[in-house]
Amino acid sequence: MSRRQYLALVRRDLLGETRRLQSLLSMVIFAVVAMVVLHYGWHAGAGSAWAADGSGAVPAAMLWVVFVFAALLGLGRTFAHEREDDCLDALLLLPVDRFVLFLAKATTNLLLLVVLQAIVVPVFALFFLDVTAWRLLAFVPVALLADVGMAAVGTLLATLVLHARSRDLVLPVALLPLLVPLLIAATSATEAVVDQGAGLGSIAGRLGFLAAYDAVMLLVAWGTYDILVSE
Amino acid sequence: MSAATPGGAPTPSGQGPGGIVVQGLTRRFDRREVLRGVDLSVAPGGLLLVLGANGAGKTTLLRILATLLRPGAGRVTVAGTDVRQEPEAVRRSVGFVGHAPLLYGDLTLGENLRFFAAAYGIGSPAKRIADVVDGVELSLRYDDPVRELSRGMRQRAALARALLHRPSVLLLDEPYAALDERARVLLDGILDEESGGTTIVLVTHEPERPLRWATETVRLEDGVAVPVDGRGDSSGGRR
């Protein structure tokens, strides 16, 4: 029954999102505009100098900064439909384990992040990178593991601030510090991917860290979500 | 049928599979104690009418019965299940109509009901959905987004949602609000149909209309449930 309920919850969220496209559109527009501005600065001078030594550190950091702020727009809307339609109680009345509720919301956020990245990364590569497509494939596990962590902690905190008066302000303030370890690991792994001189074997440790981060956040959600979402 | 028994233990009539027993229920919000030892019980199939002034705690009581709020202290069982120990089982037994319709505005009525049917694990839901939509006379608006329905229609849609999974306990918070006369008659019909089989707790400011189905009536005063004349004993049943 839980699997069926989980799928029903995810399907409903995606149906709501496809009706309005508000989260995805705002995330993509922000990311693309930010990249256009960065692209201008990059080719105006400073970036070219950084790029000249072949290091991927700066493009990797730029990618994740753009990505995390775009993601914030979507994560902040985790319960937007329930708030706007005043129907959060409808979710809470369902005979569904609260962790299933968390998983469904986190899955929707994860799917939004994956779609965002599927659009953003090729554009970013076009603007800033000079890497082969097969090398860029090594970015997929990095992005997926980082996305899982971001969706998990984002969903948790979006629930925590659900009834806060200034939740749009509180969410980024609470979320960004928690994402710092994840962002450092993801940026470091991405640097290795885009740095033509680096071996891809070096990202294994970062992937392990990202997987551990995801596991911890999922465990925290499993242990606390009932309390977080209840009142 | 048992009565609310302020200050004393309720009679055991609410302990059946569809009944409700509330013993010594308290609940506070910050420093304000809204419920201060509520005792009441409703036998399976009974209808408890809950009256009280604004802020008396009627909605708080209903939300605790629905597991939307945790009880502060005391014991609450709904459909024979403790709301603290097995909230999921309680939710399966409860249909709830609150101040908001609890439906997604962007989705059509049909999409909403299909979602709730899946979430409640209703097998082959098409027939059941058609029945409840017919029951609230919204068949013609089945494919319309809920946002485009009038307030009264949304309230009827909320009833359809609440009845969809055949709850054994129905919790209704001011269900007549926002309904026009035709819809009120429709709700009367639903109460007529459900009462006797479904345990109902109905919170209202307008007791005249649902009084005929009430098996007991309490008024919340100063955080306790006081039986209202003539409805507190077994002779005060349906008429």
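Predicted model, so just to flag it, every value in this text is computed and none were measured.

Trainee: How should I be thinking about helix 11 (residues 204-230) of chain A in this particular structure?
Mentor: Counting along an α-helix, one turn takes 3.6 residues, and residues three or four places apart therefore face a common direction. Residues and elements named next belong to chain A. For helix 11, with 27 residues, the first-to-last C-alpha span of 39 Å sits near the 39 Å given by 1.5 Å per residue. Along helix 11, the helix axis deviates most sharply at threonine 224, where the bend reaches about 60°. Regarding helix 11, the residues found buried are Arg206, Leu210, Tyr213, Asp214, Met217, Ala221, Tyr225 and Val229. If you follow the buried residues of helix 11, they end up packed against helix 6 (88-92), helix 7 (98-128), helix 9 (139-160) and helix 10 (167-194).

Trainee: What should I look at first to understand the interface of chain B and chain A in this one?
Mentor: By a widespread convention, an interface's size corresponds to the accessible area lost as its parts come together. Across the contact, 22 residues belong to chain B and 24 residues belong to chain A. Secondary structure elements with two or more residues in the side of chain B that touches chain A: helix 2 (87-93) and helix 3 (109-119) of chain B. In terms of residues, the side of chain B that touches chain A owes the most to one element, helix 3 of chain B, which gives four residues. Partitioned by chemical class, the residues of the side of chain B that touches chain A number 13 nonpolar, three polar and six charged.

Trainee: Even after reading the chapter, I still don't get the sheet that holds strand 10 (residues 224-227) of chain B, so can you show me in this structure?
Mentor: What links the strands of a sheet is backbone hydrogen bonding, and the strands pair in either a parallel or an antiparallel sense. All names here are of chain B. Judged by pairing direction, the sheet is mixed, and its six strands sit side by side in the order 6-7-8-3-9-10 without closing on themselves. The outermost strands of the open sheet, each flanked by one partner alone, are strand 6 (94-97) and strand 10. Between one strand and the next, the sheet's axes are offset by a mean angle of 20°, whatever the strand orientation. Note that strand 7 (residues 169-173) and strand 8 (residues 199-203) share five bridges and pair parallel. Within strand 8, the position partnered with leucine 171 by the bridge is valine 201. Running at roughly 170° to strand 6, helix 5 (residues 151-163) makes contact with strand 6 and strand 7 of the sheet.

So, how was this worked out
Residues numbered from 1 in each chain as written. Chains lettered and ligands numbered in written order. Predicted model: local features only at pLDDT ≥ 70, side-chain atom pairs only at ≥ 80, totals over all residues. Helix = DSSP H or I, 4+ residues; strand = E, 2+ residues; numbered from the N terminus. Expected span 1.5 Å × (residues − 1). Bend = angle between axes of the 7 residues up to and from the residue. Buried ≥ 20, exposed ≤ 12 C-beta atoms within 10 Å, placed from the backbone. Contact = placed C-beta atoms within 7 Å. Nonpolar A, V, L, I, M, F, W, Y, C, P; charged D, E, K, R; others polar. Pairing = 2+ DSSP bridges. Axes fitted to C-alpha atoms, helices over the stretch in contact; angles between N-to-C directions.

Read these as geometric descriptors, not functional statements.
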